[in-house]
Amino acid sequence: MIKNLQVLRALAALLVAYYHFGFNNSKIGFFGVDIFFIISGFIMSYVLFKNPANFFLKRIIKIVPMYYIVTILISILWFIWPNLFHNVFVDGPSLAKSLLFIPYMKYTSGPILSSGWTLNYEIYFYLLLSLFLIFTPNVKRILFYTSLLLIMVYLLQQSNYFTNYYLSIYGNPIVIEFIFGAVLYWLYKNYKMRFNKKRALFFLGIIGFLSFFIMGYCNFNQLEGNRLLLYGIPSFFITSFFVMSENSWRTDSLVYQWLYRLGNASYVIYLIHPFIMNVFLRLIDPFLKSNNVWIAFVELICSLFFLCIISDLVHRKIEKPLLGRIEKLLL
């Protein structure tokens, strides 16, 4: 797998964490989700071409264990200390739907682990790929049929011909970003050598740099519009730069090594960041009673620092050994 993608996953996860911290009422960082979706489309294409055997089971093993652990932990804490949580409601149906990746909304809550909403889309994508994998071993056809179905559902939702909750969910334009990732893999597989030249990488880097600021500007001003245009396409260019610049970075540098390490823990970062960020937002802030921007900045740095340290520990001591045991048992 491309090491640069792990670095990008770390940056995307930290962007989402920054967004949810809401430093100085800033809304910047939500586009980290768009980057994640494009990376997912790329990686799923890579995995299918490399080894499609037990595809869905492998993806479930990667996602489900830690998600279940964090979701059940939140549910237990909610019953013990409900005032600690905002916009969270736990009952039997909510827990069942959260664990089964069924989209829902109840009392402004859904799913129980708020970041689980993106996992509902991930499972949807995996299911479609697995469905077509049953009928044909041809990976190109699988990706084509899956992309076609995603586009059809999206267009059906955009037409407003039907008013259905699940159609509104699965017809979200963000699903098209999976296709962007698959297209990026096709470009990488067939044209990597052309992009790997210094001049091409320079221009791709400039475009990626500008794309980052475009999305930051859109987030900061809370611009609403076509998500694919405002965030999907810029995220595609950013991810393209990281993919095409493989082997062009100094991987022995301390910063790269730490970002790569955090990339390995990026899923844990994404799952647990609300816990860590809220320690400062809901437990420390009320005692400080200060609106000083510098104090808020120190809180942000501390929360991100602890998030990185704790996520790395959870990944190495819990997630990695747990998934290793499950893989030995099921595969």
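Residue positions within a chain follow its written sequence, with the count starting from 1. pLDDT decides what is reported in this predicted model: residues at 70 or higher carry local features, side-chain atom pairs at 80 or more are listed and counted, and totals for whole chains, interfaces and linings draw on all residues regardless. As a rule here, side-chain values cover all heavy atoms of the structure and leave hydrogens and water aside.

**Examining the overall build of the protein chain**
Quick note on the threshold: By the criteria applied, helices consist of DSSP H or I runs no shorter than four residues and strands consist of E runs no shorter than two, each listed in order from the N terminus. Classification of residues uses two cut-offs on accessible area relative to the type maximum, computed with a 1.4 Å probe and protein chains only: under 20% is buried, over 50% is exposed, and between them is partly exposed. For accessible areas, the Shrake-Rupley method is used with a probe of radius 1.4 Å. Any residue's cover is judged against the shown protein chains and nothing else. For the charge count, each Lys or Arg is scored as positive and each Asp or Glu as negative, with His and the chain ends excluded. Working definition for charges: the position is that of NZ of Lys, CZ of Arg, CG of Asp or CD of Glu.
If you tally the helices and strands in the protein chain, you get 13 helices and zero strands. Order of helices (α) and strands (β) in the protein chain, N terminus to C terminus: α-α-α-α-α-α-α-α-α-α-α-α-α. Here the protein chain holds 331 residues, and the buried ones make up 48% of them. Counting only carbon and sulfur atoms, one obtains 67% of the accessible surface of the protein chain, whose full area is about 17,600 Å². Charged side chains of the protein chain number 27 positive and 12 negative; the gap between the two group centres comes to 10 Å.

**Focus on the packing of aromatic side chains**
Put simply, the rule reads: Note on aromatic contacts: the rings of Phe and Tyr and the six-membered ring of Trp form a pair at centre separations within 6.5 Å, being stacked when their planes are under 30 degrees apart, edge-to-face when over 60 apart, and tilted otherwise. Look at NZ for Lys and CZ for Arg. If either is within 6 Å of the ring centre and within 35 degrees of the ring normal, a charge sits over the ring.
Tallying each qualifying case throughout the model produces 37 aromatic pairs. With centroids separated by 6.2 Å and ring planes inclined at 90°, the aromatic side chains of Tyr46 and Tyr185 adopt a geometry described as edge-to-face. Here Tyr46, found in helix α2 (residues 32–50), pairs with Tyr185, found in helix α8 (residues 176–195); they are 139 residues apart in sequence, far enough to count as distant. For the pair Tyr46 and Tyr185, a shared accessibility class is recorded, and that class is buried. Through a chain of ring-to-ring contacts, three or more aromatic side chains come together here, namely Tyr19, Phe30, Phe37, Phe55, Trp117, Tyr121, Tyr124, Phe125, Tyr126, Tyr170 and Phe178. When the ring centre of Tyr260 is taken as reference, the NZ or CZ atom of Lys3 above it lies at 4.8 Å. Positioned over the ring face of Trp258 is Arg261, at 5.1 Å from the centre of the ring.

**Considerations on the pattern of salt bridges**
Rule in force here: Counted as salt bridges are all cases of a side-chain nitrogen of Lys or Arg within 4 Å of a carboxyl oxygen of Asp or Glu.
For the structure shown, the criterion picks out six salt bridges. A salt bridge links Glu327 to Lys62; its shortest N-O distance comes to 3.9 Å. Here Glu327, found in helix α13 (residues 293–330), pairs with Lys62, found in helix α3 (residues 55–80); they are 265 residues apart in sequence, far enough to count as distant. When its relative accessible area of 40% is taken as the criterion, Lys62 is described as partly exposed.

**Remarks on helix α6 (residues 139–159)**
This is how it is decided: To estimate the expected span of a helix, count its residues, drop one, and scale the result by 1.5 Å. Comment: arc refers to directions from the helix axis out to C-beta atoms. Any two residues whose heavy atoms approach within 4.5 Å at even a single point are treated as in contact. Whenever two N or O atoms come within 3.5 Å, that pair is a polar contact, provided that in protein one can donate a hydrogen and the other can accept it, and provided that, for residues adjacent in sequence, both atoms are side-chain atoms.
The end-to-end C-alpha distance of α6 is 30 Å, a good match for the 30 Å that 21 residues give at a rise of 1.5 Å each. Among the residues of α6, Val139, Ile142, Leu143, Thr146, Ser147, Leu150, Val153, Tyr154 and Gln157 are the ones counted as buried. Angular distribution of buried residues about the axis of α6 spans 130°; they occupy a single face of the element. Facing away from the buried side of α6, by more than 90 degrees, are the exposed residues Lys140, Phe144 and Leu155. Of the surrounding secondary structure, the elements contacted by the buried residues of α6 are α2, α5 (116–135), α7 (165–170), α8 and α10 (227–244). Its side-chain oxygen at 3.0 Å from the backbone nitrogen of Lys140, Asn138 defines the N-terminal cap of α6. Backbone geometry just after α6 places Asn160 at a positive phi near 60°.

**A word on the nonpolar core**
Under the convention used in this document: In this text, buried Ala, Val, Leu, Ile, Met, Phe, Trp, Tyr and Cys residues form a nonpolar core when linked through side-chain atoms within 4.5 Å.
If you look at the biggest cluster of nonpolar residues, it comprises 97 residues, and the most contacted ones within it are Leu5, Phe42, Leu129, Leu150, Val175, Leu271 and Leu307. For Leu5, the contacting residues outside a window of four places in its chain are Ile39, Phe42, Ile43, Thr239 and Val243.

**A short note on the state of the cysteines**
Counted only if it meets this: The disulfide criterion used throughout: a pair of cysteine sulfur atoms within 2.5 Å.
Taken as a whole and assessed by the stated rule, the structure comprises zero disulfides. You can see Cys302 has no disulfide; the closest cysteine sulfur is in Cys308, sitting 12 Å from it. Using a relative accessible area of 29% as the deciding quantity, one classes Cys302 as partly exposed.

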